[in-house]
Amino acid sequence: MQAGDGLRLSNPAKALPAMSPAATPTPRIPDYELIRLIGGGSYGDVWLARGITGAFRAVKIVWRDRFPDLRPFAREFEGITRFAAVSLREPSQLALLHAGRDDSAGMFYYVMELADDTEQGRAVDPARYRPLTLREVFAQRGRLPAAEVVGLGVALARALASLHAAGLVHRDVKPSNVIFVGGVPKLADVGLVTAASTEQITFVGTEGFVPPEGPGAPAADVYSLGKLLYELSTGLDRNDFPRLPAELGEWTDRREFLELNEVLLRACEGDARRRFTDAGALLDELLLLQAGKSVRRLRRAERRLSRALRVAAALAVIAAFAGTGAWVERRRANVETMRRAAAEAERDALARRTVYAATLARAQRALEQDYYGQARRFLATSRPQNAGPDLRGFEWRALDHDALGDEARLLRSGGAAGLTARSSPRGRWWGVSTREPSLLLWDAGTGEERKKIAGVQLFSGFSADEEWALGIDDRSRLSRWRVGDGRIESAASVGTHWPIGWTDGARAVALVQRPQQRPHMLRCWDFAAGKVAWEGAVPLTDDGTGGDFYGATLTADGRHCALALLSGRASDARWHVLVLALPDLRVRWKRALEDRPLALALSPDGAHLFLALGNSRTVSAFAVDAPDGSAPEWEFRMPFAQPEALALDGAGRLAVGGRRSSVCLIDAGTGKVVATRRGHESDVRSAAFHPINRTLLTTGSGGDVRWWSDQPGRPGRTLAGFAAPAGGGRALCLSPDGRWLAATAPGARARLVALDGSGGDREVEGVVAPLAFSADGKSCWLATRRGTLELEPVVAGSDAGRRSVALPFVPIAAAISADGKRFAAVDKEARLALGPLDNPAAVRAFSARHGYPWWVAISPQGDLVATGGRDGVTRLWSAESGELVRELRPANAAVNGAFSPDGKLLALVEESGVAEWQDVRGQAPARTLLTSSGVLQGVAFHPREPRLLLGGRDGALHVVDLERALELVELRAGSGQETAATLARVAISRDGQHLAGYLEDGSIRLWHAPRGD
C-alpha cells in the first residue's frame, strides 16, 4: 500500500447513528436533528431541522393515527413518492430531498428545502426563524403591481403545469401555501399532492379557493391559482371575485391589470368546461402577458371569429341572397385566425427563450457551486431537438467551455460508485473498487481498461510485486486476488477483518474485530506461509472501550499505521485517532476528536499525519512526535463539505476531494492550495497518485473515473497582477484570434500576455493604456505618457511594423477604430483629438466640453466618436470634421460606452445599473435594461451575435439579447465561495470566441466560447 493512502468504510454513514433527538416526544429522523415545530395541520407537523452537513431543512411528519382509515394515509404517501421525481426536474417546484417511512412509529416523513426567513432571507436563526410565505408578503405590502403578479403567476403556473403533466394535482393552492426559496416562489404543503382523479378523494382545500365541483382535477388547481392571483392583483378577498376595486381608474398599472383580469376571468370560471383545462393552458396566456401581448385583443378575436362562423352558417341558408356578407365575415375571421397564430408563435418563441434563460442560470449556479456534471447536464438540454431553433449563443458556449473543467482523461463515465482508488507500487496498474462489489483495473501507462475482478470488497491496494490485490471476501475474511486471473486466496483467520494494506509482497495488515471481545487485534497475515506473522491488541481508547474500526492508513514500508476508532453513539460519539509503530504497536500519537475523520494519510516516514474532518470541513496536519495536546501545524478549511478523499504523493502534495466536483491540491508542508482539478461528473469519493509520474486518479459517486495529468489546470481562467497604475485607468484589449491580451499594470506599464501558453509575456514601460491589436495580431497600439500612440510588436526585440503617432497632449483615454485607420483621444482638460493614424498632420484637437472626461469610443468604421464625462452628457462627434453630431442625456451620467460592430448603435452604461442603447442617427427610440448590478462599468458588443456584454458589480458579466432587450444570464467572474470585484472593463476578440473582463481588484477573468456543437 502506497504512502498516504487511507481506508474508509464503504459506507461511513452506517457507522454513525442518527443525531440525538432534541427532547421527547420529538420523533427520530435519520441524519436530522429536529430543532422546533414551525407549522402543522390536521395530518402532520412541520419541523425546522438541521442535517448532518449543517444545512437547515424543513421536515414534515405525517401521522397514521390522524387519518380515519389507512387508504387516505397510503394515498398521501403515494403522492409524495410520485412528487419526488417531479420536484427535482423542475426548478419552480419545491425540492423534495428525501422521503422515508417508519411503520412502527405510525408515520412517514419527507425532507424539503427550507423557505427563506421573513427577516433574514437565507440566513437562518433557529430560535427566530419564520418562513416567508406569500401571505406574509401580501400582509406587508397589500396589492401588488400587475406586472409582479404576472411574474408570480408564471412561476406558480409553471410549477402546477409540471405536476399536471405528471398526472398529479396539488389540491390547496393559496397564499399561505406559497413560500419563497432564494427569492423564488414555490408551492408548499406538497403532502397534499396526489394523483389527479374524478373519483371521491380526501377533501382538502380552503373555502373560496376550492371550485364548485371540488378539488382533485387540474382545472381545480387552476381555479385556486386564479383566486390567489385575484387577491394579489386587486387587494380584495377571494370571495369578492369578480368585483373590481373602486379606485381602479386611478391605478398607474390599470391597463396591465385589465389584461391580467381577462386571464383571471377564465381561470376562475365557475363552470369547469369554460375554464383552462390545466395549468399549462393558463401558463401560455400568462407568458403572453409577460411578453407585452394583449390577451383582451385575442379574446375579442375569438369572439369575433365565433360570431363570424355562426353568421356564416346562417347565411349559408340564404347564400344566394347574401353571399357577399358571408365572404366579408369569413375574411375577417381568417385575419383574426392569422393574428392568433402569430401571437401563439410568438408565445411559443417566448417560452423557449424563457426556458433557455432559466437553463443558463441553473448551469451558471451549478458552476458557482462547483457541480460541473450538473452544469453539463443542464446545458445539454438546450441543444436543438427535432430540427428546432438553436438559441445558443456566446453565453451558452462560454458556460459549456467552463463546464468542461480541467483537462482529464475519462476512464469511466458512469456505473457503480467508485469507492477506493489505488496505484500499484511500481505504477503498472490503476485499481478502483466499486459497490457491485468488484475491482476494475486499468493499464496505468495507456489508460486502457484491462479487466474486472468480481467480489472484491474493501480494496486496500496492491502487493509490492503488483501480482495481488488486497480486500475481503463476502464472509469478511482477509483475502487476496491474483491480478492476472482473478483467483482468490482467503486467510484462515477468525473475526471480521478490515484490511489496511501490504507490508511486502505476501504479508498484509488488517484490524480484526472479534465478536463480544475487546480490545480488537491488529494482525499481519503471511499469505505465502498461510499463518499469522505477528499480531497484537489495539491500545484502548481514552474511555477504555477500544472503539470500533472507522478508518486506517499504512505507510508503504509497513512500519507505521494510523487508526481511526469510533466509540459511543449519537451525541456521545467520539472518534479516536492513533498512530502506531509496527509491529510492536507502540503509540506514537493519539487524540480524541468530536469531529469525524473521514480520511487519513501518513507521510512516507510516518512523521506527519493528515486528517480530513467531516463536520468542520478542514484538513489538518500534525507532527506525530509532538506532544499529544499540540495544535496542528496547519489547518485548511475546504471550500466544500465532507472532504473524504485524501491522498499524498512523493512530492509533498495532498489531493483532497469531497462533496463537490473538484479536487484541491495542497502543499503538505504549508497547507496552501497549489492547484485545483475541476470537472468531475459527481462528488469526489477517492483519489490516488501515480508513484512515478505524479498523475492523479479520482473516482466519483456517479461512477466516473478521471485521470488527471501533472500539468497545470486549464489555462487562462484568471490572471492576476493588473492593478490600475497611479494616474491611469484600467484598460485591456484582445488580439483578433484571442491569443494575446494586453492590459494596464502597476507602474505605468502595459503587460502583454500569450493566452495560449506559448510564452513570451512581457511588459512595456510608460504606458497609459493599451488600445487595440493590429488585424494580424502581431502588434498592439499603446497610448503612452510621452503623448504618443505607439504600435508595439508583441514579440520582444522585433521592430517589424513599429509606428508612432504624436498627439497634442498626454491622453487619459484613447480608442482605435476596428479598421485600424483612425483614432480618438481625450486628456484631463477635456480636449478631444481626432485623426487618421497614417497622417499625423491631419490631427485636429478641440474641447469636448465635459469638464472632466471619463471615456471615449470610436465606431468600427471610424466615422463617429462618442465621449462622456462628469457633466452627464454623451456627445457624438464626426471623426472627419470634428463637428458635434448629437448630444444624448441619459437619466444618469454614462460611465462608459461602446459602438456596435456595424456602427449603428451606441450602448451606454450608468452607475445606477442601467444599460441603454440607441440608434446613433436618432431614428429609433432608445432601449433600456435595468440589471441586478447597482453599478455598470464595462460594455462591449459581441462582434457576430446580437448580444450586449455588460460588466457589473460582484464580477457579474450580464449577457443581453439585443433584439428583445432581455438579459439571458449573469456569467460570474467569481465562484460560489468567493465574491469578485466589479467588472470594470470588458473586451472581446474579433472572432467572438474569447472575452476578457478587467476587475477592480487587478485581476482579469477570461471566458472562452469556442464554436462547434
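On a predicted model such as this, the values are computed, not experimentally measured, just so you know. (Residues numbered from 1 in each chain as written. Predicted model: local features only at pLDDT ≥ 70, side-chain atom pairs only at ≥ 80, totals over all residues. Heavy atoms only, no water.)

**Student:** Any chance you could explain the overall build of the chain here in plain terms?
**Tutor:** In terms of regular secondary structure, the chain is built from 10 helices and 65 strands. For the chain, the proportion of its 1013 residues judged to be buried stands at 56%. For the chain, the share of sequence-separated contacts (at least 6 apart) that also reach a separation of at least 24 residues comes to 49%. Working note: accessible area of the chain is about 41300 Å², and carbon and sulfur atoms make up 49% of it. (Helix = DSSP H or I, 4+ residues; strand = E, 2+ residues; numbered from the N terminus. Buried < 20%, exposed > 50% of the residue type's maximum accessible area, 1.4 Å probe, protein only. Contact = heavy atoms within 4.5 Å. Areas by Shrake-Rupley, 256 points an atom, 1.4 Å probe, with all protein chains shown as cover.)

**Student:** Before we go on, may I ask you to explain the pairing of strand 41 (residues 749–754) in this structure?
**Tutor:** Side-chain positions along a regular strand alternate between the two faces of the sheet. Among the six residues in strand 41, five count as buried, and that is most of the element. Relative to strand 41, strand 40 (residues 740–745) runs antiparallel, the two being bridged by six bridges. For A745, the partnering residue across the bridge sits in strand 41 and is R749. Where strand 40 hands over to strand 41, the hairpin turn is made up of three residues, of which G747 adopts a positive phi near 80 degrees. (Pairing = 2+ DSSP bridges.)

**Student:** Teacher, can you tell me more about the confidence of the model for the chain here?
**Tutor:** For residues with low pLDDT, the predicted coordinates do not support detailed interpretation. The predicted model of the chain averages 85 in pLDDT, with 87% of residues at 70 or higher. Mean pLDDT across the elements of the chain bottoms out in strand 1 (residues 6–8) (37) and peaks in strand 48 (residues 822–826) (97). Counted against residues more than four places away or in other chains, residues 1–24, with its pLDDT under 50, gives 86 contacts. Across residues 300–324, confidence stays below pLDDT 50; counting only partners more than four residues off in sequence or on other chains, it has 14 contacts. (pLDDT = per-residue confidence, 0-100.)

**Student:** Help me out: how do you make sense of the packing of helix 4 (residues 218–234) against helix 5 (residues 254–267) in this one?
**Tutor:** Packed helix pairs are specified by the crossing angle of their axes together with the interaxial distance, meaning the distance between the axes. Orientation of helix 4 relative to helix 5, taken along the N-to-C sense of each, is 150 degrees, at an axis distance of 9 Å. Judged on the interaxial angle alone, helix 5 and helix 4 are roughly antiparallel. Judged by the sense of rotation from one axis to the other, the crossing of helix 4 with helix 5 is left-handed. For the pair helix 4 and helix 5, the contacting residues are V222, Y223, G226, L229, Y230, S233 and T234 in the first and F257, L260, L264 and A267 in the second. Of the residues contributing to the contact of helix 4 with helix 5, the split by class is eight nonpolar, three polar and no charged. (Axes fitted to C-alpha atoms, helices over the stretch in contact; angles between N-to-C directions. Parallel < 35°, antiparallel > 145°, perpendicular 65-115°, else oblique. Left-handed = near helix turned anticlockwise from the far one by under 90°. Nonpolar A, V, L, I, M, F, W, Y, C, P; charged D, E, K, R; others polar.)

**Student:** Help me understand the nonpolar core, please; the structure alone is not making it clear to me.
**Tutor:** Inside soluble globular proteins, nonpolar side chains tend to come together where they are buried. Counting residues in hydrophobic clusters, the biggest one holds 64 residues, and the most contacted among them are L134, L225, L228, L232, L282 and L286. If one sorts the elements of this core by residue count, helix 3 (residues 146–165) sits on top with 10 residues. Sequence-distant contacts of L134, defined by excluding residues within four places in its chain, comprise L152, P175, V178, F180, L228 and L232. One finds L360, W396, V969 and L999 within the second-largest nonpolar core, a separate group that totals 30 residues. (Core = buried A, V, L, I, M, F, W, Y, C linked by side-chain atoms within 4.5 Å.)

**Student:** I keep staring at helix 6 (residues 279–290) and nothing clicks. Help me out?
**Tutor:** Three- or four-residue spacings in an α-helix give side chains the same orientation, since the helix completes a turn every 3.6 residues. A rise of 1.5 Å per residue sets the reference length of helix 6, with its 12 residues, at 16 Å; its end C-alpha atoms lie 16 Å apart and thus fit the reference within 8%. Of all the residues in helix 6, the buried ones are A279, L282, L283, E285, L286, L287, L288 and L289. Its side-chain oxygen 3.1 Å from the backbone nitrogen of G280, D278 forms the N-cap of helix 6. (Expected span 1.5 Å × (residues − 1). Polar contact = N/O pair within 3.5 Å; in protein donor to acceptor, adjacent residues only side chain to side chain.)

**Student:** How do you make sense of the packing of helix 3 against helix 4 when you look at a structure like this?
**Tutor:** Contact geometry of helix 3 with helix 4 gives a least axis separation of 11 Å together with a crossing angle of 165 degrees. Classified by the angle between their axes, helix 3 and helix 4 sit roughly antiparallel to one another. Like other packed secondary-structure pairs, helix 3 and helix 4 cross with a definite hand, here right-handed. In this structure, helix 3 uses V149, L152, G153, L156, A157, L160 and H164 to contact helix 4, whose residues at the interface are P218, D221, L225, L228, L229, L232 and S233. For the contact of helix 3 with helix 4, the per-class residue count stands at 10 nonpolar, three polar and one charged.

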